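Spelled out from the first residue to the last, the chains are:
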Amino acid sequence: MLGEYAWGAGALAYLYRELGIASRAEAKGVAGCLTLLQCWIYDHFPTLRPSRLEPRELEQGQAGAFRWRGTAPRSSKKRDAQMLAYYRQAIDSLTPQSVCWTPYGQSPHLTVRRTLYQDLLRFAEIVEPYDPTRCLRQLGYVQSVSYPPKRPLVVRRPASTLGYSLSYQSVYDSWWNNLGAHSVHLDLYSTPIRCRPWEFAEDYMGLYIRHSHRY
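Residues numbered from 1 in each chain as written. Predicted model: local features only at pLDDT ≥ 70, side-chain atom pairs only at ≥ 80, totals over all residues. Heavy atoms only, no water.

### A word on the overall build of the protein
Turning to step 1, where the next piece is worked out: Scanning the protein for helices and strands turns up five helices and four strands.
Turning to step 2, where the next piece is worked out: Along the protein, helices (α) and strands (β) appear in the sequence α-α-α-β-β-β-β-α-α when read from the amino end.
Turning to step 3, where the next piece is worked out: Scaling as 2.2 N^0.38, a compact globule of 215 residues should have a C-alpha radius of gyration of about 17 Å, and the protein matches this with 19 Å.
Turning to step 4, where the next piece is worked out: On the principal axes, the C-alpha backbone points of the protein span a range of 50 × 45 × 45 Å.
Turning to step 5, where the next piece is worked out: Within the protein, buried positions represent 33% of all 215 residues.
Turning to step 6, where the next piece is worked out: A total accessible area of about 14400 Å² is found for the protein, and carbon and sulfur atoms account for 54% of it.
Turning to step 7, where the next piece is worked out: A distance of 7 Å separates the average location of the 26 positive side-chain charges in the protein from that of its 18 negative side-chain charges. (Helix = DSSP H or I, 4+ residues; strand = E, 2+ residues; numbered from the N terminus. Rg over C-alpha atoms; globule rule 2.2 N^0.38 Å. Buried < 20%, exposed > 50% of the residue type's maximum accessible area, 1.4 Å probe, protein only. Areas by Shrake-Rupley, 256 points an atom, 1.4 Å probe, with all protein chains shown as cover. Lys, Arg positive; Asp, Glu negative; His and termini not counted. Charge placed at Lys NZ, Arg CZ, Asp CG, Glu CD.)

This is the structure in structure tokens:
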């Protein structure tokens, strides 16, 4: 990648692609920059944070992953089975109140404008869409029905991970720096949350159920 395009955006594109591959029926693992995913989970789900990790203040220039410290325990079949059972129960027990909906502050886009970037991300030949309208509550806004997703030009998602393939239109690094043309305007799209941080628009849940409970 050239110019001022952020490596973090490239890592996110790569992670999105690998999560898509990991969702296949025959997948047995996951790749990508899993530190991003791990820190996102710790930030949003306090009950899923390992007790040995404690949040701490960041020094100037430190990555967000440095908020967490600790070493992983030695793996064993017995311990792995216990941890799997623990996390399954913890996930099943999640409620709206147990989620940290705005871990980066009430309006993170006012500090980091690229939070509102809305278009394609690229890592080498991998291109994936990025759309902040799918996580409006994380920005302190009521979740409404998001824009229709960008459709790939070519798509192949078999049960096996081997044939997984997506192809989007060309993406240019200059998009990342042209926020006027490649960002979402929140106030034209939704309204700030006033009561519960998990608020959603009246027509949102019906769409969510149709897409998340398809079988």
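### Quick look at the confidence of the model for the protein
In low-pLDDT segments, the atomic positions of the prediction should not be examined closely.
Turning to step 1, where the next piece is worked out: For the protein, per-residue confidence averages 84 on the pLDDT scale, and residues scoring 70 or more make up 90% of the total.
Turning to step 2, where the next piece is worked out: Of all the helices and strands in the protein, helix α4 (residues 186-189) carries the lowest mean pLDDT, 82, while strand β2 (residues 126-130) carries the highest, 91. (pLDDT = per-residue confidence, 0-100.)

### Observations concerning the pattern of salt bridges
Turning to step 1, where the next piece is worked out: This structure, assessed with the given rule, holds two salt bridges.
Turning to step 2, where the next piece is worked out: Where Arg-17 meets Glu-128, a salt bridge forms, and the shortest distance between an N and an O atom there is 2.5 Å. Separated by 111 residues along the polypeptide, Arg-17 in helix α1 (residues 7-22) and Glu-128 in strand β2 bring together distant segments of the chain.
Turning to step 3, where the next piece is worked out: Residue class for Arg-17 comes out buried when judged on its relative accessible area of 9%.
Turning to step 4, where the next piece is worked out: A salt bridge links Lys-150 to Asp-119, with the nearest nitrogen and oxygen atoms 3.7 Å apart. In this pair, Lys-150 sits in the loop between β2 and β3 (154-156) while Asp-119 sits in strand β1 (residues 119-123), placing the two residues 31 residues apart along the sequence. (Salt bridge = Lys/Arg side-chain N within 4 Å of Asp/Glu carboxyl O.)

### Points about the nonpolar core
Turning to step 1, where the next piece is worked out: Grouped together as the largest cluster of nonpolar side chains are 15 residues, with contacts concentrated most on Tyr-117, Leu-120 and Leu-121.
Turning to step 2, where the next piece is worked out: Broken down by secondary-structure element, the contributors of at least two residues to this core are α1, β1 and β2.
Turning to step 3, where the next piece is worked out: Looking at which element gives the most residues to this core, the answer is α1, with three residues.
Turning to step 4, where the next piece is worked out: Counting seven residues, the second largest nonpolar core, distinct from the first, contains Leu-139, Tyr-141, Val-184 and Tyr-189. (Core = buried A, V, L, I, M, F, W, Y, C linked by side-chain atoms within 4.5 Å.)

### Things to note about the side chain of Gln-143
Turning to step 1, where the next piece is worked out: By secondary structure assignment, the location of Gln-143 is in the loop between β2 and β3.
Turning to step 2, where the next piece is worked out: Relative accessible area serves as the criterion here: at 1%, Gln-143 is assigned to the buried category.
Turning to step 3, where the next piece is worked out: Of the polar contacts made by the side chain of Gln-143, one reaches the backbone oxygen of Thr-133; its length is 2.9 Å.
Turning to step 4, where the next piece is worked out: A distance of 2.9 Å separates the side chain of Gln-143 from the backbone nitrogen of Leu-136, its partner in a polar contact. (Polar contact = N/O pair within 3.5 Å; in protein donor to acceptor, adjacent residues only side chain to side chain.)

### Quick word on the packing of aromatic side chains
By convention here, two paired aromatic rings are described through the distance between centres and the angle between planes.
Turning to step 1, where the next piece is worked out: Summed over all chains, the structure comprises five aromatic pairs.
Turning to step 2, where the next piece is worked out: Measuring from ring centre to ring centre gives 5.1 Å for Tyr-86 and Tyr-87, while their planes differ by 70°; the resulting arrangement is edge-to-face.
Turning to step 3, where the next piece is worked out: Given the relative accessible area of 26%, Tyr-87 is considered partly exposed.
Turning to step 4, where the next piece is worked out: Within the aromatic cluster, the residues linked to one another by ring pairs are Phe-200, Tyr-204 and Tyr-208. (Phe/Tyr/Trp six-rings, centres within 6.5 Å; stacked < 30°, edge-to-face > 60°.)

### A short note on a nonpolar patch on the surface
Turning to step 1, where the next piece is worked out: Together, Leu-19, Val-30 and Leu-34 make up an exposed nonpolar region whose accessible area comes to about 200 Å².
Turning to step 2, where the next piece is worked out: Checked against the element boundaries, Leu-19 lands in helix α1.
Turning to step 3, where the next piece is worked out: On the accessibility criterion, Leu-19 (33% relative accessible area) is partly exposed. (Patch = residues over 30% accessible without salt bridge, like charges linked within 9 Å, V, L, I, M, F, W, Y side chains within 5 Å.)

### A few points about the pairing of β1
Turning to step 1, where the next piece is worked out: Taken across its five residues, β1 has four buried, putting it largely inside the fold.
Turning to step 2, where the next piece is worked out: Of the strand pairs in this sheet, β1 and β2 are connected by five bridges, and their pairing is antiparallel. Considered in β2, the bridge of Leu-121 is made with Glu-128. (Pairing = 2+ DSSP bridges.)

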